[in-house]
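Topology and contacts: notes
These are the residues of each chain, in order.
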Amino acid sequence: MAQGKEDSDVDYIRARRAQRRLQNFIYMEQQKETMTNAVVRLTDKCFGLCSTPGTRRSRTLDDCMTNCSNRYVEASILVLKTIGSKVNKIDTDLKYLSKPPK
């Protein structure tokens, strides 16, 4: 009878781990989408401030566009680092959860 309970406990732990992984995956995807949308909105606003329809190319316009491009790259890197640190924390939490009970 004890073996059946142990098997049941192991199955429960596996199911709980799988459920937690799925929840974390969904959470991370939502976070990525939110952050990416924010970066896109800010980038669109930045480029919109640089030029309007009919704006002629100039040194000022080129500088503004370069600045917006640089901010986009910096923001994208920040998003990737933030997501990466969240993934690492979740991985650590999952490793803790996967340890068999004593």
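In the block above lies the structure referred to throughout.
Notes on the structure in this doc start here. Here the structure is a predicted model, which means the values were calculated and not measured. (Residues numbered from 1 in each chain as written. Predicted model: local features only at pLDDT ≥ 70, side-chain atom pairs only at ≥ 80, totals over all residues. Heavy atoms only, no water.)

**Considering the state of the cysteines**
By the definition in use, this model includes two disulfides. With its sulfur 1.9 Å from that of its partner, Cys46 forms a disulfide with Cys68. A torsion of -85° about the S-S bond marks the disulfide between Cys46 and Cys68 as left-handed. Residue Cys46 is found in helix α1 (residues 2-50), and its partner Cys68 is found in helix α2 (residues 59-98); the two are separated by 22 residues along the sequence. As far as the burial class goes, Cys46 and Cys68 line up, both buried. Through a disulfide, Cys50 is tied to Cys64; the S-S separation comes to 1.9 Å. Every disulfide takes its handedness from the sign of the S-S torsion; for Cys50 and Cys64 that torsion is -85°, giving left-handed. You can see Cys50 sitting in helix α1 and its partner Cys64 sitting in helix α2, a full 14 residues away along the chain. Cys50 gets classed as buried once you look at its relative accessible area, which sits at 12%. (Disulfide = S-S within 2.5 Å. Helix = DSSP H or I, 4+ residues; strand = E, 2+ residues; numbered from the N terminus. Buried < 20%, exposed > 50% of the residue type's maximum accessible area, 1.4 Å probe, protein only.)

**Brief notes about the pattern of salt bridges**
The full count for this structure, using the stated rule, is four salt bridges. One salt bridge connects Arg57 with Asp62, and the closest N-O pair in it is separated by 3.0 Å. A relative accessible area of 71% places Arg57 in the exposed class. The residue Arg71 makes a salt bridge to Glu74 at a minimum N-O spacing of 2.9 Å. Taken together, the positions of Arg71 and Glu74, both in helix α2 and three residues apart, correspond to about one turn of that helix. The class of Glu74 is partly exposed, set by a relative accessible area of 44%. (Salt bridge = Lys/Arg side-chain N within 4 Å of Asp/Glu carboxyl O.)

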